[in-house]
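# Structure assessment
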Amino acid sequence: MTMPAADLAWLLAAFALVSLMFPGLAMFYGGMLGTKNILNMLMMVMSSLAVTSVLYVLYGYSMVSGNSWGGLGIIGDPLEFFGLQTFVTDLETGGAEGLYWAAFFILFAAITIAIVASGAAGRMKFGAWILFSALWLTLVYFPLAHQVFTFSDPESGYVGGWLRNVIELHDFAGGTAVHMNAGVAALALAMVLGKRKSAAHRPHNLPMVVLGAGILWFGWYGFNGGSAAGANFLAQYVVLTSLLAGSAGIIGFCLIEKIRNGKATTLGMASGAIAGLVGITPSADAVDPIGALLVGIASGAVVCLALTWKTKLGIDDTLDAFAVHGVGGVVGVICVVLFADSAAPAGITGILFGGNLDIVWRELVAITVTCTYSFVMTYAIAWGLNKTIGLRVSEEDEYAGLDVTLHAETAYVSERV
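So, here is what we can say about the structure in this document. (Residues numbered from 1 in each chain as written. Predicted model: local features only at pLDDT ≥ 70, side-chain atom pairs only at ≥ 80, totals over all residues. Heavy atoms only, no water.)

## Topic: empty space enclosed by the protein
Over the atoms, a rolled probe matching the size of one water molecule traces out where space is still vacant. Under the counting rule described, the total for this entry stands at 1 cavity of 30 Å³ or more. The calculated volume of the largest cavity comes to roughly 80 Å³. Lining the largest cavity are Met 21, Leu 25, Ile 111, Ile 115, Val 178, His 179, Leu 216, Trp 220, Phe 223, Ile 274 and His 325. When residues of the lining of the largest cavity are traced back to their parent elements, those giving at least two are helix 2 (21–32), helix 4 (98–116), helix 7 (175–193) and helix 8 (206–226). (1 Å grid on protein atoms, 1.4 Å probe; cavity = no way out; pocket = protein on both sides within 12 Å on 5 of 7 lines; lining within 4 Å. Points joined across faces, edges and corners; volume = space filled by probe spheres on them. Helix = DSSP H or I, 4+ residues; strand = E, 2+ residues; numbered from the N terminus.)

Written as structure tokens, this is what we have:
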């Protein structure tokens, strides 16, 4: 069946929107750091796309989208689509073919590892980050993405992911494999690396943070909207729910700030928007507009409360990926259980609307498996690399700043010209 040209045009536009999330995340993260490490953070985020693209062509697409190895639903056959040679011939369908979806999901994988950079900001060797990224994608992201995103096809004997097809998780666009996974991984990496010895006490450029958040929000319409697989009603629906949840996330976060500290902040506004968008990612097709507002408020409020964990535990997840993406992702999946409306495209009824309790254990299993696997594997990878090649820069380099010591550059020039 030929895909209408409008569908393909929207998917290509969605791809472009998601591509902008990389400079958006780089600015969002970079603005929150001090002036000595901003370029290093830009390098960490943008290099994620480079590493992911290479691995996806070689074996990543196969591990995510290939027929499940041994029929277990854990990981795809890593050699099934080696080199993506299967996709170089035009099948003349007129629509999105395998090569498009390979490109689109490269962006999903790359933004996931880019989020993990939060746990390494200002203290990790750049070469060690590249190696860690490659190992993490191979051993953590690709298996989880296979389990969450890949459907089975009984007619052809094609076996997809365990969480998606056996547990029957509902996760529209990656609340588990992307956000929860990245947030927990950032926590594990930060624990292995330890706290920074030289840390800026406040963001050096809040306008940059807000601009980065705005670009991320812009890209999210492609992230969720492109997951609808066409220019259709579902795409319109999830664009609306994404808008509403992001907006409500600001309200939820700033409300808790006001109650707790007496003032709402610009950084809180930006963080709240991202929290709301993280929360709606798994539930964008399952809640109605009122439900989307509730998802955003809940995500923003819970993430704001979760930010107090850093001070109490002394773990330096520098840019709060665990709170925003890890906790926000958990809230989003739980919101499917609570707020899903049978009238929404997913056709799921949440328990607050009289739904079957059967949905509860399925989503809880997905949360538990994702968080446990991501934390254990990430910690093991980081620990192993730290014991062999070493992850941290020297104390002298850290105090001098990674922009100069690792990249021989500075973001700002103090001399007048």
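Once the structure has been displayed, the description carries forward.
## A short note on the packing of helix 13 (residues 321–339) against helix 14 (residues 358–388)
Relative to each other, helix 13 and helix 14 sit at 165°, their axes nearing to 9 Å. Considering the angle they form, helix 13 stands roughly antiparallel to helix 14. Two packed elements cross with a definite hand, and for helix 13 against helix 14 that hand is right-handed. Note on element contacts: helix 14 touches helix 13 through Ile 359, Val 360, Glu 363, Ile 367 and Cys 371, opposite Val 330, Val 333, Ile 334, Val 336 and Val 337. The class makeup of the residues in the contact of helix 13 with helix 14 is 9 nonpolar, no polar and 1 charged. (Axes fitted to C-alpha atoms, helices over the stretch in contact; angles between N-to-C directions. Parallel < 35°, antiparallel > 145°, perpendicular 65-115°, else oblique. Left-handed = near helix turned anticlockwise from the far one by under 90°. Contact = heavy atoms within 4.5 Å. Nonpolar A, V, L, I, M, F, W, Y, C, P; charged D, E, K, R; others polar.)

## Points about helix 1 (residues 5–19)
Residue pairs spaced three or four apart in an α-helix point in one direction, given the helix's 3.6 residues per turn. End to end, helix 1 covers 21 Å across 15 residues, agreeing with the expected 21 Å (1.5 Å per residue, within 8%). Three or more residues of helix 1 are buried, namely Asp 7, Trp 10, Leu 11, Ala 14, Leu 17 and Val 18. In a view along the axis of helix 1, the buried residues occupy a sector of 115°, so they form one face of it. Contacts from the buried residues of helix 1 go to helix 2, helix 4, helix 8 and helix 9 (233–261). (Expected span 1.5 Å × (residues − 1). Buried < 20%, exposed > 50% of the residue type's maximum accessible area, 1.4 Å probe, protein only. Arc of directions from axis to C-beta.)

## So, the environment of Ser 271
Following the sequence through the fold, Ser 271 ends up in helix 10 (residues 266–280). Considered as a pair, Ser 271 and Leu 357 are 86 residues apart in the sequence and their alpha carbons are 32 Å apart.

## What to know about the packing of aromatic side chains
With the rule as written, the count across this model stands at 23 aromatic pairs. Measuring from centroid to centroid gives 5.7 Å for Tyr 100 and Phe 104, while their planes differ by 15°, and the two rings are stacked. In this pair, Tyr 100 and Phe 104 both sit in helix 4, 4 residues apart, roughly one turn of the helix. Between Phe 233 and Tyr 237, the ring centres sit 5.8 Å apart and the planes meet at 50°, which makes this aromatic pair tilted. With Phe 233 and Tyr 237 both in helix 9 and 4 residues apart, this pair spans about one turn of that helix. Members of the aromatic cluster, joined through ring pairs, are Phe 15, Tyr 100, Trp 101, Phe 104, Phe 105, Phe 108, Phe 149, Trp 220 and Phe 223. (Phe/Tyr/Trp six-rings, centres within 6.5 Å; stacked < 30°, edge-to-face > 60°.)

## Overview of the pattern of salt bridges
Taken as a whole and assessed by the stated rule, the structure comprises 5 salt bridges. A salt bridge links Asp 316 to Arg 123, with the shortest nitrogen-to-oxygen separation between them at 4.0 Å. Of this pair, Asp 316 sits in the loop between helix 12 (309–313) and helix 13 while Arg 123 sits in the loop between helix 4 and helix 5 (126–149), and the two are 193 residues apart along the sequence. The exposure classification of Asp 316 matches that of Arg 123, with both residues buried. We note a salt bridge from Arg 362 to Asp 358, for which the minimum N-O separation is 2.7 Å. Placement of both Arg 362 and Asp 358 in helix 14 is noted, with a separation of 4 residues, approximately one turn of the helix. Look at Arg 362 and you get buried, because its relative accessible area is 16%. Each member of the salt-bridge network shares a partner with another, and the members are Arg 123, Arg 196 and Asp 316. (Salt bridge = Lys/Arg side-chain N within 4 Å of Asp/Glu carboxyl O.)

## A look at the packing of helix 3 (residues 38–65) against helix 4
At a minimum axis distance of 8 Å, the contact between helix 3 and helix 4 shows a crossing angle of 135°. The orientation of helix 3 with respect to helix 4, classified from their angle, is oblique. Classified by chirality, the crossing of helix 4 by helix 3 is right-handed. Note on element contacts: helix 4 touches helix 3 through Gly 98, Trp 101, Ala 102, Phe 105, Ile 106, Leu 107, Ala 109, Ala 110, Ile 113 and Ala 114, opposite Val 45, Ser 48, Leu 49, Thr 52, Ser 53, Tyr 56 and Tyr 61. Classifying every residue of the contact of helix 3 with helix 4 gives 13 nonpolar, 4 polar and no charged.

## Quick word on the nonpolar core
Core analysis: the largest hydrophobic core is formed by 116 residues, its most contacted members being Phe 28, Tyr 29, Phe 132, Trp 136, Tyr 141 and Leu 189. Formed by 6 residues, the second largest nonpolar core is a distinct cluster that contains Val 337, Ala 340, Ile 348 and Ile 359. (Core = buried A, V, L, I, M, F, W, Y, C linked by side-chain atoms within 4.5 Å.)

## Side note on unusual backbone geometry
At Glu 168, a residue that is not glycine, the phi angle is positive and equals roughly 65°. Phi is positive for Asp 320, close to 65°, though the residue is something other than glycine. For Asp 320, the position within the fold is in the loop between helix 12 and helix 13.

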